[in-house]
Every structure is written in structure tokens, then in C-alpha cells.
Amino acid sequence: QGQCCVCCTRRCEFPPPLYESMAEPSAKRARVAEEETATSFPKNKIKVLLLEGVSQRGIQMLRDDGFQVEALKTALSEDELVEKVKDLHILGIRSKTQVTKKVI
């Protein structure tokens, strides 16, 4: 129910899968490219904290995509986590880390 960028200039009632099939291939490619590059906040300013030994490949993928990544091999205590999340945007954890109300 957003503006249809392919078949008209008015607000379209068709869900994207229906009107997308009417688009020319170049229009589809342009829309996909725009979606892939559009972010609401610059990626290089998004801070990510990964705990408990997340794989190096995963860490590198996020860094290659432009995120600021800090990765630790261990879990953090509740008090340590409270301090770490103050200016954090994304927290990646495994089973040992407990995200409590105090942390949030």
C-alpha cells in the first residue's frame, strides 16, 4: 500500500508481488539496487557487539558491509552488559548471555 514505482504514480493497492511482475527488468533492477543501498541510518555509524565467540566469518561479513563491530569471545555479566549497550545499536548473543530488563 505504498506508492507503486512501476505501474503508476498514485498510491497502489496491489501488494508488491503483483505489480512487480508488470515491471520491465531494468525497473526491477533499479528498485532492487536502491533497496540494497538505502538505509535509515548510515551503516558506518551502526555499532554492533557480538558476544560468546561468534564466527570470524560472520564478524568479517558485518565489517565488510560497513558496520562497526566489536566481538568478544565470552559472555558479559549483567553490569558489564549494561555499560556496553549504552551506545549500541545491535547486540548479537548466544545462549550464555542473559538480556535482562536492566540491560534493556
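Quick one: what's the story with the sheet that holds strand β1 (residues 47–50), residue by residue and with numbers?
Here 3 strands make up an open sheet; going across it, the order is β2-β1-β3 and the pairing parallel. Because the sheet does not close on itself, it has two edges, and the strands there are β2 (68–71) and β3 (90–92). Here the strands of the sheet are splayed against their neighbours by 15° on average, with no regard to which way each runs. Across the sheet, helix α3 (residues 56–64) touches β1 and β2, and the angle it forms with β2 is around 160°.

I'd love a proper account of the pairing of β2, names of residues and values included.
Across 4 bridges, the pairing between β1 and β2 is parallel. Residue pairing in the sheet places leucine 50 in a bridge with alanine 71 of β2. The β-α-β motif built from β1, the intervening α3 and the parallel element β2 has right-handed crossover chirality.

Report on a nonpolar patch on the surface, specifying residues and quantitative values.
Taken together, Ile93, Val99 and Ile104 make up a surface patch of nonpolar side chains, about 290 Å² in accessible area. With respect to the helices and strands, isoleucine 104 occurs in the segment after β3. Exposure remark for isoleucine 104: the relative accessible area of 80% places this residue in the exposed category.

Scoring rules and cut-offs
Residues numbered from 1 in each chain as written. Predicted model: local features only at pLDDT ≥ 70, side-chain atom pairs only at ≥ 80, totals over all residues. Heavy atoms only, no water. Pairing = 2+ DSSP bridges. Helix = DSSP H or I, 4+ residues; strand = E, 2+ residues; numbered from the N terminus. Axes fitted to C-alpha atoms, helices over the stretch in contact; angles between N-to-C directions. Contact = heavy atoms within 4.5 Å. Right-handed = clockwise from strand over helix to strand, strands pointing away. Patch = residues over 30% accessible without salt bridge, like charges linked within 9 Å, V, L, I, M, F, W, Y side chains within 5 Å. Areas by Shrake-Rupley, 256 points an atom, 1.4 Å probe, with all protein chains shown as cover. Salt bridge = Lys/Arg side-chain N within 4 Å of Asp/Glu carboxyl O. Buried < 20%, exposed > 50% of the residue type's maximum accessible area, 1.4 Å probe, protein only.

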